[in-house]
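Each chain is listed here by its residues.
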Amino acid sequence: MGEDLEQLKQRLPLLDYLRQQNWIGQRAGQGPEFVGLCPLHPETRPSFYVNARKNLFYCHGCGQGGDLIRFVELSQHLSFRQSLTFLEQQSALADPDALLRQASAFYQQQLDHYPEAQRYLEQRGVRDPALVGELQIGYAPGGSLRRHLLAQGYSLDLLRRTGLVNPQGNDALYQRLVFPCCQDSRIVNLYGRSIATAFAHRFLPGAKGDLVAWESVGQFPSVILVEGMFDLAVLWQAGFRHVTCSLGTHLTSDQFRQLCDRPRTVYLSFDVDANGSGQQAAQALAHRLRAQGITTRRVLLPPGHDPNSFFVQGGDARQFQSLLEAAPL
Ligand SMILES: [Zn+2]
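Definitions and limits used
Residues numbered from 1 in each chain as written. Predicted model: local features only at pLDDT ≥ 70, side-chain atom pairs only at ≥ 80, totals over all residues. Heavy atoms only, no water. 1 Å grid on protein atoms, 1.4 Å probe; cavity = no way out; pocket = protein on both sides within 12 Å on 5 of 7 lines; lining within 4 Å. Points joined across faces, edges and corners; volume = space filled by probe spheres on them. Helix = DSSP H or I, 4+ residues; strand = E, 2+ residues; numbered from the N terminus. Nonpolar A, V, L, I, M, F, W, Y, C, P; charged D, E, K, R; others polar. Donors = N, O, S within 2.8 Å, 3.2 Å for Na, K, Ca; no water. Tetrahedral: all angles 85-135°; square planar, octahedral: opposite > 155°, others 65-115°. Contact = heavy atoms within 4.5 Å. Pairing = 2+ DSSP bridges. Axes fitted to C-alpha atoms, helices over the stretch in contact; angles between N-to-C directions. Phe/Tyr/Trp six-rings, centres within 6.5 Å; stacked < 30°, edge-to-face > 60°. Buried < 20%, exposed > 50% of the residue type's maximum accessible area, 1.4 Å probe, protein only. Lys NZ or Arg CZ within 6 Å of the ring centre and 35° of its normal. Polar contact = N/O pair within 3.5 Å; in protein donor to acceptor, adjacent residues only side chain to side chain.

(A) Structural view of the layout of surface pockets. Taken as a whole, the largest pocket holds about 520 Å³ of empty space. Mapped by element, the contributors of at least two residues to the lining of the largest pocket are strand 7 (176-183), helix 10 (214-217) and helix 11 (229-237). Grouping the constituent residues of the lining of the largest pocket by class yields 12 nonpolar, five polar and seven charged. A volume near 300 Å³ is recorded for the second largest pocket. Broken down by secondary-structure element, the contributors of at least two residues to the lining of the second largest pocket are strand 8 (186-194), strand 9 (201-203) and helix 11. Of the residues assigned to the lining of the second largest pocket, the class counts are five nonpolar, three polar and six charged.

In structure tokens:
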């Protein structure tokens, strides 16, 4: 799986693993040793010792001892090889960053090979290759991720449990442009935008992560919040770097907290759609933000527009700047 044994053992310390398995240990003296009941044989008085510094265990009752892998071999009745796979699975489920990073890198490599994906980007006004790289935009053609990740040593069961592969065993993302969703700079999800007839928006199971690029955007005294990644992409391309995106009009509580993490002005530039849902969401959000002491302004795009279509249909940076300046409180 491209990761050696020592790295795995470092990432998943023996004591942490045992505690995840509900082992209860007390400190034995002042040193790095913990003692508790042995998980490998029945006993009533604790004789199972764990040295947290050396990452080793020893039981004075049954005489078994060793490292994390040895413990998994004995407790799960697995071979050495199987124990490794088991542990890699456990650690990937707890933190899918490494796996999702592989998937995202694979999708980014695919982008250049599929003209339909290129055409779609063009239609959405995304022209700058540097921006495509910066946003880590990839393409999921469907039908090739599973093979790629199995070849890397990931198990099909793990791919199913993270949702990259559906219960039928097929790639979950199919004919979609893919953006990684991050939290504290780790990838926690993938967002797929359909370029065909399937439902437009799709995430893997789990949280959608932070506001996009919040580490940099959050430094600005005023920020522009948009709904969609292609809104963000064209605005960044036009030089508005203080734009972030919530991937939908509904903000998670973490995303809401991020907007409120210091005094600032938030420009809400949601869709101006016919049924008014974008603007209703913007109004409701503005109300909640003001209650937290945040200044809000609503960017009034022409009817039927979102920031992406505004630029795609000929709007330019100067015109958008005037809309910002005219945005009512
Ligand atoms: Zn024992």
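(B) View of the coordination of the zinc ion. In this structure, Cys38 (SG), His41 (ND1), Cys59 (SG) and Cys62 (SG) serve as the protein donors to the zinc ion, at separations of 2.1 to 2.3 Å. Coordination at the zinc ion comes from four donor atoms whose angles at the metal span 98 to 124 degrees, giving a geometry best classed as tetrahedral. Going along the chain, you hit the donors of the zinc ion in the pattern C-x2-H-x17-C-x2-C.

(C) Geometry of the side chain of Ser91. Mapped onto the elements, Ser91 comes out in helix 4 (residues 80-94). Those residues in contact with Ser91 that lie beyond four places of it in its chain are Leu8, Arg11 and Leu12.

(D) Inspection of the sheet that holds strand 12 (residues 265-269) at higher detail. The four strands are arranged 11-10-12-13 in an open sheet whose pairing can be described as parallel. The strands lining the two open edges of the sheet, one partner per strand, are strand 11 (243-245) and strand 13 (295-298). For this sheet the average axis-to-axis angle between neighbouring strands, irrespective of direction, equals 30 degrees. Sheet analysis places strand 10 (residues 222-226) next to strand 12, joined by five bridges and oriented parallel.

(E) View of the packing of aromatic side chains. Going through the model one piece at a time under the given rule, you end up with 15 aromatic pairs. Here the aromatic rings of Phe311 and Phe320 are separated by 5.7 Å at their centres, their planes lie at 45 degrees, and the arrangement is tilted. Neither residue differs from the other here; Phe311 and Phe320 are each classed as buried. Among the aromatic residues, ring-to-ring pairing joins Tyr17, Trp23, Phe48, Phe57 and Phe71 into one connected group. Between the NZ or CZ atom of Arg19 and the centre of the ring of Phe34, over which it lies, the distance is 5.2 Å. Across the ring face of Phe256, the terminal group of Arg288 is positioned such that the distance to the ring centre comes to 4.1 Å.

(F) Spatial organisation of the pairing of strand 7. Within strand 7, six of the eight residues are buried, which leaves the element mostly enclosed by the surrounding structure. Here strand 6 (residues 138-140) runs beside strand 7; their pairing, made up of three bridges, is antiparallel. What sits directly across from Ala140, in strand 7, is Arg176. By the bridge criterion, eight bridges tie strand 7 to strand 8 in an arrangement that is antiparallel. Note that in strand 8 the partner of Leu177 across the bridge is Arg193. In this antiparallel pair of consecutive strands, strand 7 and strand 8, the connection spans two residues, and Asp184 shows a positive phi of 50 degrees.

(G) Representation of the environment of Asn55. Within the secondary structure, Asn55 is located in the loop between strand 3 (48-51) and strand 4 (56-59). Taking relative accessible area as the criterion, Asn55 reaches 23% and is therefore assigned partly exposed. Separated by 32 residues in sequence, Asn55 and Trp23 place their C-alpha atoms 15 Å apart. The residues contacting Asn55, other than those within four sequence positions of it, are Lys9, Pro13, Leu14, Gly66, Asp67 and Leu68. Side-chain polar atoms of Asn55 contact the backbone nitrogen of Leu14, separated by 2.9 Å.

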